[in-house]
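One letter stands for each residue in the lines below.
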Amino acid sequence: MSVNTILVTGGFGQVGKRCCEILLDRGRTVIAMDLRTDRTVATAEELSGSARPGTLVPAFVDLLDPAAVAGLVDAHRPDAIVHMAASLAPASYLNPAAAHRVNVDGTGNVVAAATTVDRPPLLILASSASVYGSRNPYRYPELVTDETPVDPIDHYGRDKLLAETIVRESGLPYAVLRLGGVISPDGMSSMDRTHLVLIRATPRDNRIHAVDARDVALAFANAVDRADSIDGRTLLIAGDESYRKLQRELEDDMTQSIGLGRLGPSVSLPGDPDDDRGWTFTGWFDTTESEALLDFQRHTWSETREWIAHSQGRSRTLLLRTFGPLLRPAIRLLMAVQRRRDGRGEYADPWTLFEKTYGPEVLANKNPERP
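So, how was this worked out
- Residues numbered from 1 in each chain as written.
- Predicted model: local features only at pLDDT ≥ 70, side-chain atom pairs only at ≥ 80, totals over all residues.
- Heavy atoms only, no water.
- Helix = DSSP H or I, 4+ residues; strand = E, 2+ residues; numbered from the N terminus.
- Rg over C-alpha atoms; globule rule 2.2 N^0.38 Å.
- Buried < 20%, exposed > 50% of the residue type's maximum accessible area, 1.4 Å probe, protein only.
- Contact = heavy atoms within 4.5 Å.
- Lys, Arg positive; Asp, Glu negative; His and termini not counted.
- Charge placed at Lys NZ, Arg CZ, Asp CG, Glu CD.
- Patch = residues over 30% accessible without salt bridge, like charges linked within 9 Å, V, L, I, M, F, W, Y side chains within 5 Å.
- Areas by Shrake-Rupley, 256 points an atom, 1.4 Å probe, with all protein chains shown as cover.
- Salt bridge = Lys/Arg side-chain N within 4 Å of Asp/Glu carboxyl O.
- Core = buried A, V, L, I, M, F, W, Y, C linked by side-chain atoms within 4.5 Å.

Visitor: Which residues make up the overall build of the chain, and what values go with them?
Guide: Along the backbone of the chain there are 14 helices and 10 strands. Here the C-alpha atoms of the chain give a radius of gyration of 20 Å, agreeing with the 21 Å that 2.2 N^0.38 yields for 371 residues. Along the first, second and third principal axes, the C-alpha set of the chain runs to 60 × 45 × 40 Å. Evaluated residue by residue, the chain yields a buried proportion of 54% over its 371 residues. Of the contacts made within the chain by residues no fewer than 6 positions apart, 84% connect residues no fewer than 24 positions apart. The positive charge centre, built from 42 side chains, and the negative charge centre, built from 50, are 6 Å apart in the chain.

Okay, here's the thing in structure tokens:
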């Protein structure tokens with residue numbers, strides 16, 4: 001089947017905009033759907049102003065408006081839908097009920113609209129490593145695969161699993177792409193206080209499998225043309241082996257890339273090897289199958305670090321390098337003070353801190369409050 005028109009929800013986000021760029025370079029008509037904000041309007045103007053063989057149709061539509069979503073799908077009859085629009089963790093911890101509406105009800109709206117198309121489009125869902133829940137690397141050292149049992153520990157992982165179920169039961173051709181830790185300059189620049197809590201909470205020896213946002217975008221762009229090989233599949237999207245990191249190593253690589261330097265192990269606590277609940281989500285993925293099917297791993301970890309470093313600008317990097325010797329010990333002291341203030345013990349125990357900070361609704365065993 002020829003795939004000429006693609007609807008990309010979340011089309012102006014850190015992965016969505018790069019996916020749109022690839023598809024436009026390939027001469028496709030791309031319906032880029034997102035909420036209207038100053039940032040998304042600026043991104044739409046940037047994409048529209050670039051000389052590419054494809055056609056961009058910006059669509060500022062609310063995912064939670066079923067009639068508007070249905071109208072957009074009916075007007076363009078896409079051959080494929082890349083569904084990336086989401087309320088992402090940890091920012092979603094501030095309002096789990098609102099995030100549920102976006103991540104679950106919004107997915108339902110996309111599916112309902114897609115099922116009305118005469119020739120059902122391939123639906124490619126962006127899911128998350130969070131569906132696997134807390135992964136104790138000492139008890140479960142094996143790589144995560146699509147057959148690894150899912151056991152979400154937070155509301156975000158639960159909602160992503162519910163979205164997967166909606167897609168699987170839709171009757172549409174589909175693929176689920178579960179993403180590792182996506183890294184990009186815009187992702188770094190949009191970090192807020194919820195990310196700082198995540199950094200404080202995560203054990204320094206927690207496993208995380210990162211991936212360059214440009215490679216994630218390529219995975220989705222390639223997927224739209226490979227329905228025959230990926231229909232009904234769940235695929236794990238992460239970088240090559242160079243992206244398999246421990247949390248402290250990844251954070252230190254990032255702070256070094258921006259010029260601050262490495263903070264070292266003292267800024268975070270270890271995980272408890274005897275506590276399966278005492279870890280955050282993600283592990284190290286087996287990407288053998290997904291890479292064979294989607295051919296997306298184009299960058300190495302060192303190249304991603306160079307991308308991050310370059311994005312900061314020379315003056316900011318030099319400033320951080322100059323004051324790094326003063327800032328690093330101050331940050332270490334601040335983290336130690338925060339741990340004492342929070343009454344934390346020998347181990348990180350992240351979900352106790354999350355629940356204390358945001359309330360029990362952040363956990364998977366709590367039902368979201370519905371309007």
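Visitor: If you had to explain the side chain of His155 to someone new, which residues and values would you point to?
Guide: Structurally, His155 is set in helix 5 (residues 155-168). For His155, a relative accessible area of 0% translates into the label buried. With sequence-adjacent residues up to four places away left out, His155 is seen in contact with Ser92, Tyr93, Pro96, Ala99, Glu361, Val362, Leu363 and Ala364.

Visitor: Describe a nonpolar patch on the surface, listing the residues and the values that go with them.
Guide: A cluster of nonpolar side chains, Leu319, Phe323, Leu326 and Leu327, forms an exposed patch at the surface whose accessible area comes to about 390 Å². One can find Leu326 in helix 13 (residues 314-342).

Visitor: Any chance you could break down the nonpolar core for me, citing the residues and the numbers?
Guide: Note that soluble globular proteins tend to have their nonpolar side chains buried in a common cluster. Core analysis: the biggest nonpolar cluster contains 41 residues, and Leu177, Phe220 and Leu294 have the highest contact counts within it. The dominant element in this core, judged by the number of residues it contributes, is helix 8 (residues 213-223), at 8 residues. What Phe220 contacts, discounting residues up to four positions off in sequence, is Val15, Cys19, Val82, Met84, Ile124, Leu125, Ala126, Leu177 and Leu179. The next biggest cluster of nonpolar side chains, apart from the first, holds 23 residues, and it includes Val69, Ile81, Ala114 and Leu172.

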